Amino acid sequence: MATIKDVAMDAGVSVGTVSNVINGGNVSEERKQRVEQSIQKLGYQVNGIARKMRTQRTDYVVVILPDVTNPFYSMLLQGLERALSAYGKQPLLCISDGEKEKEIKYIEMAKANKVDGIIGVTFSDVEEYLDDTLAFVSIERRFQKNVPCVSGDNYRGGRMAAEELTARGATNLLLVQTIMSVDNEVRKRRFGFEDYCEENGISYASITFSEKQVPSVYSSFSARSLIGSVLQAHMNNQMTENGRPNGIFAGTDHLAVVIREELERMGLRVPEDVQLIGYDGLRWMNTGQPFVSSIYQDTGLIAKTSVDCLMRLLNGEVVEDIIDLPIVFQDGGTTLPLPKIGAKDGAFDEEGQAEIKQGDI
């Protein structure tokens, strides 16, 4: 395979002259023709990536995700690919496993190769490695520097979960959530949930795990065991005024699925004995059915908004620090139907199904 040096030798010019011809630099017409003839003669293939890197735009965007085994991130990646494609861009996927060292490596790689920018989900302390030389859009994590953050409205989502549970007859609520060590938008789910309970005089308790205690609720046996033991302690607690919890809000759908399994092991029925709401609105891939009743956030909208923000940054436009996107309640069968309006004694509507309730958007 011919190289740029072969072309330069055949045309009788320097490698720099060949590079200028390829990249549209200032070259005399006579030398340009000689180079182009040699390229055609030798069948030299121009390296598109290398060419664009030299012109400061590669049409590639680094996408940093913790993993793709989580369906939420898989759906987000698909949405990012579609949105980037609409702008003529392509994603370079980097899986960090949530490790700070890997994320730093990917950020430095992006800088060195002059990619167009980064869209990342990171909960590590990497802020010092971000600067004005690289456009960066964060998902679900707000940085102090001028980095736009795109997220579902987590605070409203937490309030909505408490509101939906109580509207369906739950009187004693429990929140279960995994909390990252670095501050992020996901924490607002708890704040919204607790504020709603406080404002409306609803009995509640909160259980929070660190990411080290519960690294992966759907692949770690030890994490499931910990969740089960803590949950059982709360469900066996009859000392509170309202008895055991009869409505649970889980910070993610995956966590909600584990909680449902643990409740059923205790002999409790969902939703008859305990109602359950998760977060994300994920669906089983083989059936398209929701995992559980959930606060749904649109991964496609998150992806498109993130890409739009990145393009605006590249165009030198001002972008909001944080963009909260709308969320809705999605009935997945782990909550009771809403009582029929005006009915007595908590009678349910004729269909026995609750409609998806729009949030304050």
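What you see is a predicted model; the values in this text were computed from it and never measured.

## Brief notes about the packing of aromatic side chains
Link 1 in the chain: Under the defined criterion, the tally for this structure stands at six aromatic pairs.
Link 2 in the chain: Residues F136 and F143 carry aromatic rings whose centres are separated by 6.0 Å and whose planes lie at 80° to one another, so their mutual orientation is edge-to-face.
Link 3 in the chain: Since its relative accessible area comes to 5%, F136 is described here as buried.
Link 4 in the chain: A relative accessible area of 4% means that F143 is categorised as buried.
Link 5 in the chain: One cation-aromatic arrangement involves R189 over Y279; the distance from NZ or CZ to the ring centre is 3.7 Å.

## Let's talk about the packing of helix α7 (residues 154-167) against helix α8 (residues 188-199)
Link 1 in the chain: Two numbers describe how α7 lies on α8: the axes approach to 6 Å, and their chain directions differ by 45°. Taken together, the axes of α7 and α8 are oblique relative to one another. When the axes of α7 and α8 are compared, the crossing they make is right-handed. Together, N154, Y155, G158, R159, A162, E163 and T166 of α7 and K188, R189, F191, G192, F193, D195, Y196, C197 and E199 of α8 make up the contact between the two elements.
Link 2 in the chain: Per-class residue counts for the contact of α7 with α8 are six nonpolar, four polar and six charged.

## Some thoughts on the sheet that holds strand β3 (residues 117-120)
Link 1 in the chain: Ordered by their spatial adjacency, six strands build an open sheet running β2-β1-β3-β4-β5-β11, and the pairing between neighbours is parallel. Only two strands of the sheet have a single neighbouring strand rather than two, namely β2 (90-95) and β11 (322-325). Between one strand axis and the next, the sheet turns through 20° on average, direction left out of account.
Link 2 in the chain: Pairing between strand β5 (residues 149-152) and β11: four bridges, direction parallel. Each residue of the ladder has a partner; that of S151, found in β11, is D324.
Link 3 in the chain: Along the sheet, helix α6 (residues 100-112) contacts β1 (60-65), β2 and β3; its crossing angle with β1, the most-contacted strand, is approximately 175°.

Cut-offs applied
- Residues numbered from 1 in each chain as written.
- Predicted model: local features only at pLDDT ≥ 70, side-chain atom pairs only at ≥ 80, totals over all residues.
- Heavy atoms only, no water.
- Phe/Tyr/Trp six-rings, centres within 6.5 Å; stacked < 30°, edge-to-face > 60°.
- Buried < 20%, exposed > 50% of the residue type's maximum accessible area, 1.4 Å probe, protein only.
- Lys NZ or Arg CZ within 6 Å of the ring centre and 35° of its normal.
- Axes fitted to C-alpha atoms, helices over the stretch in contact; angles between N-to-C directions.
- Helix = DSSP H or I, 4+ residues; strand = E, 2+ residues; numbered from the N terminus.
- Parallel < 35°, antiparallel > 145°, perpendicular 65-115°, else oblique.
- Left-handed = near helix turned anticlockwise from the far one by under 90°.
- Contact = heavy atoms within 4.5 Å.
- Nonpolar A, V, L, I, M, F, W, Y, C, P; charged D, E, K, R; others polar.
- Pairing = 2+ DSSP bridges.

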